[in-house]
Amino acid sequence: LTLPERSLPAVADFIKSGKARRIVVMTGAGISTAAGIPDFRSPETGLYANLAALDLPEPEAVFDLSFFRQNPKPFYVLAKELYPGARYRPTVSHVFIALLARKGLLHMLFTQNIDCLERAAGVPADRIVEAHGSFASQRCIECKEVFEEGRMREFVARGEVPKCEREGQAQGVDGEAGAEAEKGVCGGLVKPDIVFFGEALPRAFFDSSGMAKEADLILVMGTSLQVHPFAGLPNMAEEETPRVLFNLEQVGSFGTRADDVMVLGDCDAGVRRLAEELGWRDELEKAWRE
Ligand code: OAD
Ligand code: ZN
């Protein structure tokens, strides 16, 4: 056993003892719900429960590449909601992760989120693996030409589907090429660099996943751990590495290992308790208010 007991004070003591110098954090949509961004799978409030209006074969289709090719509109309805901007502020959980980084304790943050709030909170870019990509860049799904951010913002704000403006051979799909072909531009659909079902995760995910094995403490926050391969990450930790779950519900294999600690409930509340135990509470609140 690494921890004397499965409790938050024991986790805090472990960190204070200096034995947790490589902390790996794994996050999902639950750390952003307090910012006003819905998660995916919560029964009443999750996006998948509220997509009925978009007339999808199933909710996940909105992030499915082959569906997107046929009908990109539902995704752009959603994109208008989710697009990062001044509208959303980082949560206490985001700021706590930034604090770990500032203290030199964050080995790596693996996030499934596409809202860019961890960067906004001040987690350094080289400590973040955006496992499911983000809205930070976008390109044509046919010729891969990068599409300019300012233009993207305009399209998303209008709820319109952006098409590739690269000059040369038209590549538009399924007969949609007409107008674009006449203009002599590509016309392929533009998609943010978010990982859709049917697409590979970024290389950075596979290049860095070994860091879960090197970790001496794992913190998992606000994820249902239902989407692979991300869901397998917490299991890559060594057997004697403590794993702490901050989530509304038990997920994945949490509870099966001797050093698993489950902090069930709101993740911001759990993180505040941990910060309190660590003597970091004032620092956390101050950083969050800034
Ligand atoms: P989910 O919606 O599947 O899971 C969110 C989890 O967070 C659930 O277990 C909730 O109970 C929990 N939760 C919600 N609010 C919380 C709060 N305030 N405090 C603590 N826990 C809270 O979201 P993800 O696990 O992130 O893929 O979903 C994984 C992937 O599925 C997403 O990245 C997305 C989706 O399809 C893509 O966009 C490619
Ligand atoms: Zn193109």
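Given the structure is predicted, the values throughout are model-derived calculations rather than measurements.

1. A look at helix α6 (residues 149-158)
Burial of α6 is sparse: only 1 of the 10 residues sit out of reach of the surface. Phi for Gly159, located one or two positions after α6, is positive at around 70°.

2. With respect to the pairing of strand β6 (residues 217-221)
Across the 5 residues that make up β6, a large majority, 5, are buried. A two-sided burial pattern is seen for β6, the buried positions comprising Leu217, Leu219 and Met221 on one face and Ile218 and Val220 on the other. Where strand β1 (residues 23-27) lies against β6, 5 bridges are found, and the strand directions are parallel. Its bridge partner being in β6, Val25 is matched across the sheet by Leu219. Two elements, β6 and strand β7 (residues 243-247), share 4 bridges in a ladder whose sense is parallel.

3. A short note on the confidence of the model for the protein chain
In the predicted model, the protein chain carries a mean pLDDT of 93, and the fraction of residues at 70 or more is 95%. Of the two predicted TM-score estimates for the complex, the pTM is 0.93 and the ipTM is 0.98.

4. Some words on the environment of Val244
Inspection of the secondary structure assignment puts Val244 in strand β7. The class of Val244 is buried, set by 25 C-beta atoms lying within 10 Å. The sequence separation of Val244 and Asp259 amounts to 15 residues, and the corresponding C-alpha distance is 8.4 Å. Contacts of Val244, omitting those with residues within four sequence positions, involve Val11, Ile218, Leu219, Val261 and Val263.

5. Considerations on the pairing of β1
Within β1, 5 of the 5 residues are buried, leaving the element largely enclosed by the surrounding structure. Here β1 shows no split at all, with Ile23, Val25 and Thr27 on one side and Val24 and Met26 on the other all buried. Here β1 pairs with strand β2 (residues 106-111) via 5 bridges, running parallel. Paired with Ile23 across the two strands is Leu106, which belongs to β2.

6. Here's the deal with the site of ligand 1
Taken together, 27 residues sit near ligand 1, with Gly28, Gly30, Asp39, Phe40 and Ser224 positioned nearest. Of the residues belonging to the shell around ligand 1, the class tally is 11 nonpolar, 12 polar and 4 charged. In this structure, the shell around ligand 1 is formed jointly by two domains, domain 1 (8-37 + 89-132 + 200-289) and domain 2 (39-87 + 135-194), each of which donates at least three residues.

Analysis parameters
- Residues numbered from 1 in each chain as written.
- Chains lettered and ligands numbered in written order.
- Predicted model: local features only at pLDDT ≥ 70, side-chain atom pairs only at ≥ 80, totals over all residues.
- Buried ≥ 20, exposed ≤ 12 C-beta atoms within 10 Å, placed from the backbone.
- Helix = DSSP H or I, 4+ residues; strand = E, 2+ residues; numbered from the N terminus.
- Pairing = 2+ DSSP bridges.
- pLDDT = per-residue confidence, 0-100.
- Contact = placed C-beta atoms within 7 Å.
- Near = placed C-beta within 6 Å.
- Nonpolar A, V, L, I, M, F, W, Y, C, P; charged D, E, K, R; others polar.
- Domains from an automatic or database assignment.

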